[in-house]
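This is what each chain is made of:
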Amino acid sequence: MWTKENIRNQSGKTVIVTGANTGIGYETALAFYQAGAHVLVACRDENKAQKAIASLNTHAGDGTLEVGVVDLASLASVKPFADHFLQHHSRLDVLINNAGVMVPPASVTNDGFELQFGVNFLGHFALTGYLYPLLKQTLNARVVTLTSLAYRYGTIDFDNLRSEKGYDAMREYSQSKLADLLFTIELQKRITTAHDRILSVAAHPGVTQTDLSRNMEKTAIEAATQRLGALMETAQGALPSLYAAVSSEVEGASLYGPDQDGGLRGYPAKTEIDVVALNATLAAHLWQTAERLTGVIYP
Ligand SMILES: NC(=O)c1ccc[n+]([C@@H]2O[C@H](COP(=O)([O-])OP(=O)(O)OC[C@H]3O[C@@H](n4cnc5c(N)ncnc54)[C@H](OP(=O)(O)O)[C@@H]3O)[C@@H](O)[C@H]2O)c1
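All values reported here derive from a predicted model rather than from experimental measurement.

In terms of regular secondary structure, the protein chain is built from nine helices and eight strands. For the protein chain, the C-alpha radius of gyration of 18 Å lies close to 19 Å, the compact-globule estimate for 299 residues. By principal-axis analysis of the C-alpha atoms, the protein chain measures approximately 50 × 45 × 35 Å. Counting the 299 residues in the protein chain, one finds 56% classified as buried. Considering only residue pairs separated by 6 or more positions, the protein chain has 76% of its internal contacts joining residues 24 or more positions apart. Within the structure as shown, the protein chain displays about 13,000 Å² of accessible surface, and the carbon and sulfur contribution to it stands at 49%. For the protein chain, the distance from the average position of its 24 positive side-chain charges to the average position of its 30 negative side-chain charges is 3 Å.

Below, the structure is given as structure tokens:
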């Protein structure tokens, strides 16, 4: 059973966690802080980042904490965040693409993309691309991207990325989480081809108690809880991300999630990837589309 206690001293390492003000991102930042890393608490709202840091500081930890402001729903926010980071840091050991939004009312990003596809996938695609040169320079850097078991029900509708044909909240969430997993695998393929020494891995937290259900009606939450069973505590839900970020057992282009109840609960383990996310043609097409939509071309 792999727990937080298995995390070795992370002093000297620099970690970015997106969406670190709450939920799994907060717990991930806390574990890295406690293990001695320099943690950039990346949030869309500066006040929320400051509050998170104040709260993180109440825990014993040898790490250091830094505020970062990035709104993944705005490509115009992602670039200055990355530029500022690149100007002030000489290494990036771990990038955790954690921030996410689930089943919001129909809405689009500042750039006109369906919100979940825009925040969960395109924003992180752009962020990772901007930070790639520094990841490449840092020995054994890792990119961990959060997906969800909902990816299994996803398809990528390239003609509806701006909700041109209509909006279905759960369909679009599944699409964004499939995109995250396709991205993880395609990124590793490109890293390997370039002979770079970065690992790109995906993690999913099963079912975990967080604010992710904030857009759901109470009755829908109750129905989901009845169907899926008890939710894990947030700290346990952060373990797959942490395992993917630090374990020496981790392999690129792999997925890590809880090991019990079909991946809903438990402790981190390698998880079989459904065939829907192993479609290399789809992944390559998604990558080209993301480059075109974001204007970010990886070096
Ligand atoms: N909880 C689960 O059971 C579960 C299951 C499968 C996958 N996941 C995945 O786990 C990840 C973490 O989710 P969570 O459960 O911890 O949910 P959460 O508690 O709602 O946290 C989501 C985080 O993402 C941030 N965020 C949302 N929109 C953003 C934007 N435009 N720019 C920057 N940050 C933004 C939120 O910031 P604000 O607080 O400012 O909104 C928050 O910090 C997500 O990728 C989610 O899809 C969770």
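Still more to cover.
A few words now on the packing of helix α4 (residues 115–137) against helix α9 (residues 280–294). Here α4 crosses α9 at 85°, and the two axes come no closer than 10 Å. By the criterion of interaxial angle, the relationship of α4 to α9 is roughly perpendicular. Across the interface between the two elements, F117, F121, L122, F125 and A126 from α4 touch L286, W287, A290, E291, L293 and T294 from α9. The residue makeup of the contact of α4 with α9, split by class, is nine nonpolar, one polar and one charged.

Next up on the list: the packing of helix α1 (residues 23–34) against helix α8 (residues 239–246). The interhelical angle for the contact between α1 and α8, taken along N-to-C directions, is 45°, at an axis separation of 9 Å. Between α1 and α8, the interaxial angle falls into the category oblique. The crossing of α1 and α8 is right-handed. In this structure, α1 contributes I24, T28, A31 and F32 to the contact, and α8 contributes S241, L242, A245 and V246. Residue classes in the contact of α1 with α8 are distributed as six nonpolar, two polar and no charged.

Now for the pairing of strand β4 (residues 94–97). Taking every second residue as pointing to the same face, both faces of β4 are buried, with V94 and I96 on one and L95 and N97 on the other. Two elements, strand β1 (residues 14–18) and β4, share three bridges in a ladder whose sense is parallel. When the sheet's bridge partners are listed, I16 is paired in β4 with L95. Bridge count for β4 against strand β5 (residues 142–146) is four bridges, and the pairing is parallel.

What counts, and at which threshold
- Residues numbered from 1 in each chain as written.
- Predicted model: local features only at pLDDT ≥ 70, side-chain atom pairs only at ≥ 80, totals over all residues.
- Heavy atoms only, no water.
- Helix = DSSP H or I, 4+ residues; strand = E, 2+ residues; numbered from the N terminus.
- Rg over C-alpha atoms; globule rule 2.2 N^0.38 Å.
- Buried < 20%, exposed > 50% of the residue type's maximum accessible area, 1.4 Å probe, protein only.
- Contact = heavy atoms within 4.5 Å.
- Areas by Shrake-Rupley, 256 points an atom, 1.4 Å probe, with all protein chains shown as cover.
- Lys, Arg positive; Asp, Glu negative; His and termini not counted.
- Charge placed at Lys NZ, Arg CZ, Asp CG, Glu CD.
- Axes fitted to C-alpha atoms, helices over the stretch in contact; angles between N-to-C directions.
- Parallel < 35°, antiparallel > 145°, perpendicular 65-115°, else oblique.
- Nonpolar A, V, L, I, M, F, W, Y, C, P; charged D, E, K, R; others polar.
- Left-handed = near helix turned anticlockwise from the far one by under 90°.
- Pairing = 2+ DSSP bridges.

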